[in-house]
Amino acid sequence: MKLPTDHPNPYVRRLFSFWAPTTESMRAWAMASVVVNAGIAVTGAGVRVTGSGLGCPTWPKCTPDSFIPAAHPEVSMLNMLVEFGNRLLTFLVLAVAVACVLSALRLAPRRRSLVGLALLQPAGVLAQALWGGLVVSTMLNPFTVGMHFLISTGLIAACWMLYARAGEGDGPARRVTHRDIRRLGYALLAAVFALLVAGVVVSGTGPHSGDEMASRFDLDIEAVARLHADVAYIVVGLTFALLFALHVSHSQRAAKRAALTLLVVELGQGVIGYTQYFLAVPAALVLLHVLGSTLVWIAALRVVTSLRTRSPQTGPAGAADHSPAEAAGAPAAV
């Protein structure tokens, strides 16, 4: 009997590549997980800016009597559909997470580092789902809403590390640039995370709470916006310093390209941020800004992983281990 991985249609083979994974398909599933986790973070912001945060006023049911949208005297059906649609996307994220786990488990030889990183994904999706219930039960308290986004950033980091590690060996990590430059990269990543936290505080203080009943942080919006901008200046400065250091030290092209990409994304995000500020925070630009935030985070993770590498472990004959599917010349998957 033919397996889906033997199907003549390449798209079917790619869809079921987790059953006969190669290094290439493992990385592709990991990147798919990065994309879907970033996507659900953006659609979550869409729920908020459309005022649909309590479109489904209960959890896990959408309404007290139904798991799916049903007429409710106090909730618009449009808002209900928006919130329910975002909940449904959780199943897509979970499906990709399961594909990553199966790929890691079936990759031969099995790599414990990849299995551990892959298992973080379904665990993270479950944690996000449970936290989503807390968001609803607290009537969109800005702290729980902000943590919902920050948990997504943690999941994205785990997904990116799975992607990076799948393309490396399991040997000891080796620096590809000067030690102090790598330390600067870590400082930059910490600053980017601080920027995301500051952005969450701004979002929890300003408009677009998700529902008229939602509370807000009792802070001065001008002050927190300025703090957010100050942290952004620090991030851009650190990025420029890293790019300059990589250039003068003649570091690898991949690291310089990653740092340059991060700088470009940061500058684009800055343009969006200032534009939305001067236009009184229109909903469409809020969505773009959240998308930009996730892209800045992913680009910063890429910078850090470009500053080190790992050699493949070798067998008795000194040859690097590979999946049997790759050794047999199996078609590239995903």
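Scroll up to find the structure.
Below, the structure is looked at part by part.

Conventions used here
Per chain, residue numbering runs from 1 following the sequence as it is written. Reporting in this predicted model follows two pLDDT cut-offs: at least 70 for local features of residues, and 80 or more for side-chain atom pairs to be given and counted; totals over whole chains, interfaces and linings ignore these cut-offs and use all residues. Side-chain measures here rest on the full set of heavy atoms in the structure, leaving out hydrogens and waters. Whenever a pair of cysteine sulfur atoms sits within 2.5 Å, that pair is classed as a disulfide. Note on classification: 1.4 Å probe, protein chains only; a residue is buried when its accessible area is under 20% of the maximum for its type, exposed when over 50%, partly exposed between these limits. A run of DSSP states H or I qualifies as a helix once it reaches four residues; a run of E qualifies as a strand once it reaches two. Both are numbered from the N-terminal end. Given the number of residues in a helix, its expected span is that number minus one, multiplied by 1.5 Å. Residues are treated as being in contact if the distance between any of their heavy atoms lies within 4.5 Å. Classification of ring pairs rests on two measures: the distance between centres of Phe, Tyr or Trp rings, Trp counted by its six-membered ring, which must be within 6.5 Å, and the angle between planes, read as stacked under 30 degrees, edge-to-face over 60 and tilted in between. A positively charged side chain is recorded as over a ring if its NZ (Lys) or CZ (Arg) lies within 6 Å of the ring centre. The angle to the ring normal must also be within 35 degrees. Each axis is a line fitted through C-alpha atoms, taken for helices only over the stretch in contact, and angles between the N-to-C directions span 0 to 180 degrees. If an angle is under 35 degrees, it is roughly parallel; if it is over 145, roughly antiparallel; if it lies from 65 to 115, roughly perpendicular; otherwise it is oblique. Handedness of a crossing follows from how the near helix is turned relative to the far one, being left-handed for an anticlockwise turn of less than a right angle and right-handed for a clockwise one. Any carboxyl oxygen of Asp or Glu within 4 Å of a side-chain nitrogen of Lys or Arg constitutes a salt bridge here. As used in this structure description, the phrase polar contact means that two N or O atoms lie within 3.5 Å; if the pair is within protein, one of them must be able to donate a hydrogen and the other to accept it, and residues adjacent in sequence are counted only when both atoms belong to side chains. As used in this record, nonpolar core signifies buried Ala, Val, Leu, Ile, Met, Phe, Trp, Tyr and Cys residues forming a set joined through side-chain atoms within 4.5 Å. Excluding any residue in a salt bridge, patches collect residues exceeding 30% relative accessible area, merging like charges within 9 Å and nonpolar Val, Leu, Ile, Met, Phe, Trp and Tyr side chains within 5 Å. Residue-level accessible areas treat just the shown protein chains as cover; the underlying method is Shrake-Rupley with a 1.4 Å probe.

### Topic: the state of the cysteines
According to the stated counting rule, one finds one disulfide in the structure shown. There is a disulfide in this structure between C56 and C62, and the S-S distance comes to 2.1 Å. The sign of the -70 degrees torsion about the S-S bond sets the C56-C62 disulfide as left-handed. A relative accessible area of 0% places C56 in the buried class.

### So, helix α8 (residues 253–278)
Counted at 1.5 Å a residue, the expected span for α8 with its 26 residues is 38 Å, and the 38 Å between its end C-alpha atoms agrees. What α8 keeps buried is the set A255, A258, A259, L262, L263, E266, Q269, I272, G273 and Q276. Of the surrounding elements, those touching the buried residues of α8 are α6 (179–205), α7 (221–248) and α9 (283–306). Immediately beyond the C-terminal end of α8, within one or two residues, lies A280, with a positive phi of roughly 65 degrees.

### What about the packing of aromatic side chains?
As enumerated under the stated definition, the model contains five aromatic pairs in all. Both rings, one in W160 and one in Y163, keep their centres 5.0 Å apart while their planes meet at 45 degrees; by these two values the pair is tilted. Here Y163 and W160 lie together in helix α5 (residues 142–166), a separation of three residues that amounts to about one turn. Look at W160 and you get buried, because its relative accessible area is 7%. Between Y277 and F278 the ring centres are 5.3 Å apart and the planes differ by 80 degrees, which places this aromatic pair in the edge-to-face class. Given the relative accessible area of 39%, Y277 is considered partly exposed. Taking relative accessible area as the criterion, F278 reaches 64% and is therefore assigned exposed. Counting every residue linked through ring pairs, the aromatic cluster contains Y274, Y277 and F278. Directly above the aromatic system of Y163 lies the positively charged group of R27, at a separation of 4.0 Å from the ring centroid. A cation over a ring is seen here: R106 above W19, with NZ or CZ 4.0 Å from the ring centre.

### Thoughts on the packing of helix α2 (residues 23–49) against α5
The relative placement of two packed helices comes down to the angle between their axes together with the axis-to-axis distance. The interhelical angle for the contact between α2 and α5, taken along N-to-C directions, is 165 degrees, at an axis separation of 8 Å. For the element pair α2 / α5, the angle class is roughly antiparallel. Both α2 and α5 take part in a crossing whose hand is left-handed. For the pair α2 and α5, contact is made by T23, M26, R27, A30, M31, S33, V34, N37, A38, A41 and R48 and by V145, F149, S152, L155, I156, C159, W160, L162, Y163, A164 and A166, respectively.

### Some remarks on the pattern of salt bridges
On inspection of all chains with the given rule, the structure shows eight salt bridges. We note a salt bridge from E168 to R165, for which the minimum N-O separation is 3.7 Å. Overall, R165 belongs to the buried group, its relative accessible area being 11%. One salt bridge connects R226 with E222, and the closest N-O pair in it is separated by 3.9 Å. Within this pair, R226 and its partner E222 are both found in helix α7, separated by four residues, close to a single helical turn. Linked through salt bridges whose partners overlap, the residues forming this network are R111, R165, E168, D170 and R308.

### Considering the side chain of N37
Note that N37 resides in helix α2. Separated by 2.8 Å, the side chain of N37 and the backbone oxygen of S33 make a polar contact. Excluding anything up to four places from it in sequence, N37 contacts V93, L155, I156 and C159.

### Looking at the nonpolar core
The nonpolar side chains of a soluble globular protein tend to be buried with one another. By size, the foremost hydrophobic cluster in this structure holds 65 residues, and its most contacted members are L162 and W297. Among the elements of the structure, α2, α3 (77–106), α4 (112–137), α5, α6, α7, α8 and α9 are those that each provide at least two residues to this core. For this core, the element with the most residues is α2, which contributes eleven residues. Beyond its immediate sequence surroundings of up to four residues, L162 is in contact with M26, A30, C100, L114, L117, A118 and Q121.

### Re the environment of V135
Residue position: V135 is located in helix α4. Apart from residues lying up to four places away in sequence, V135 is in contact with L140, N141, T144, V145 and H148.

### As for a nonpolar patch on the surface
Side chains of L88, F91, L94 and V98 sit close together on the surface and give an oily, nonpolar patch of about 360 Å² of accessible area. By the element assignment, L88 lies in helix α3. Taking relative accessible area as the criterion, L88 reaches 44% and is therefore assigned partly exposed.

### Some remarks on the side chain of R87
By secondary structure assignment, the location of R87 is in helix α3. For R87, a relative accessible area of 15% corresponds to the buried category. Among the polar contacts listed, one links the side chain of R87 to the backbone oxygen of T58, at a separation of 2.8 Å. Once you skip the residues sitting within four places of it in the chain, R87 turns out to touch C56, T58, W59, P60, K61, C62 and V136.

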